[in-house]
Amino acid sequence: PADGLSAAGTDSLRLLSRYVRNLAGPRASACLAIRGSNPAFRQMDAPARAALERRTGYRWEGEGPEAVLRLDAPPPPEALAALLADIDAELARRAPFRRLSPDLVCAVLGRLPLRDVLAATEACTAVRDAVRTGGALERFCDPALWGPAARAAATAAPGAGWPDWGRALAVQSAWRRIEGRAGPALRGSLRPGLDLEEPAVAAVFAAALSGASGSVPGDLLLSLAARDGQEPSGARAGSLIGQGLRLLALEEVVDPRCASAGAAARGLLPATAEDGPFQVALDPQDGSVWLLAGMSATRKAASWAAFLHRLDHDVV
């Protein structure tokens, strides 16, 4: 580590990195003076402040609460790049998991029970990303739902970041809890998951995973892969959501005729059949879930996975 950066705290190094990146960016002119009373600056410890002064040329003017750390002009880009490289190297040294390949991280965590694997994802973003897209969670997912057909369909989706086993497991677990609470007639009205061996279904699946414009949001698609809506007669058995709102199958979700006037006017995809003025629909751009009542709409969740979690814990 250069210039004593190893003595600085991790949070201080991150703040120092932010100040240096601002100096290197379009906001450089606004960073030529830093008040000593600035709350963010005061959170930096002494070693980080010393590195900022020594490596950039900042100098103090004034005393007490009115003291200002000032620069006449931004330092040369190469000097800022060198400082950022040293900061990043020191931060990487403190997070050894970042130097391990995702496969190796998953091989280590693959020996742990699910509770411990999920707890490990809170350690750092490198572990979280490796667990979600690697194989550490795959063994907890139902192979009947996320088997070779799902992989083959996802392969046709460039840039999809599949498999996201974290999302798949979250949706699968939510359905198990919801079905465990539902009555026999309601459970019996649910259709099996998507048949990804069917080319037309696999094509829709791949398009959604690739983020194609107007496609089915990924969380809803994973949910349909677990349970492809309810049978048309399912409304008589009840509703998982309330108001008699029957869950739609994939073929109905992508059918414009199933969208209410309010959903069509907002460019939303229907997730349930209409029941009077009510319908649940999703925004194909960000995946958010909306409850429509005629031409009015209320946002209920940020994603379909969050909506399923709410069904399990709350009243929609």
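For the structure itself, look to the data block above.
Residues numbered from 1 in each chain as written. Predicted model: local features only at pLDDT ≥ 70, side-chain atom pairs only at ≥ 80, totals over all residues. Heavy atoms only, no water.

**Student:** Lay out the side chain of Thr56 with the relevant residues and their values.
**Tutor:** Assignment of secondary structure puts Thr56 in helix H3 (residues 46-56). According to the relative accessible area criterion, Thr56 is buried, its value standing at 9%. A polar side-chain atom of Thr56 sits 2.3 Å from the main-chain carbonyl oxygen of Leu52. (Helix = DSSP H or I, 4+ residues; strand = E, 2+ residues; numbered from the N terminus. Buried < 20%, exposed > 50% of the residue type's maximum accessible area, 1.4 Å probe, protein only. Polar contact = N/O pair within 3.5 Å; in protein donor to acceptor, adjacent residues only side chain to side chain.)

**Student:** Which residues make up the environment of Glu78, and what values do they have?
**Tutor:** By secondary structure assignment, the location of Glu78 is in helix H4 (residues 77-94). For the pair Glu78 and Ala24, spaced 54 residues apart in sequence, the C-alpha to C-alpha distance is 9.6 Å.

**Student:** Talk me through the pattern of salt bridges; I want residue IDs and the actual numbers.
**Tutor:** Inspection of every chain in the model, using the stated rule, returns 11 salt bridges. The closest approach of N and O atoms between Asp228 and Arg191, which form a salt bridge, is 4.0 Å. Residue Asp228 is located in the loop between helix H12 (218-226) and helix H13 (250-253), and its partner Arg191 is located in the loop between helix H10 (184-188) and helix H11 (199-209); the two are separated by 37 residues in the primary sequence. On the basis of relative accessible area, Asp228 is assigned to the buried category, the value being 10%. For Arg191, a relative accessible area of 21% translates into the label partly exposed. When the shortest N-O distance is used, the salt bridge between Arg246 and Glu252 registers 3.0 Å. The class for Arg246 is buried, based on a relative accessible area of 10%. Residues joined by salt bridges that share partners form a network here, namely Arg59, Glu61, Arg70 and Asp72. (Salt bridge = Lys/Arg side-chain N within 4 Å of Asp/Glu carboxyl O.)

**Student:** An account of the nonpolar core is requested, with residue identities and associated values reported.
**Tutor:** Soluble globular proteins tend to bury their nonpolar side chains together. One finds Trp175, Leu240, Val280, Trp304, Phe307 and Leu308 to be the most contacted residues of the largest nonpolar core, which totals 39 residues. Of all the elements in the fold, those that place two or more residues in this core are helix H9 (165-181), H11, H12, H13, strand E5 (278-282), strand E6 (289-293) and helix H15 (304-313). Those residues in contact with Leu240 that sit more than four places away from it in its chain are Trp175, Ile178, Ala182, Leu186, Leu190, Leu247 and Leu311. One finds Leu15, Leu16, Leu83 and Leu91 within the second-largest nonpolar core, a separate group that totals 25 residues. (Core = buried A, V, L, I, M, F, W, Y, C linked by side-chain atoms within 4.5 Å. Contact = heavy atoms within 4.5 Å.)

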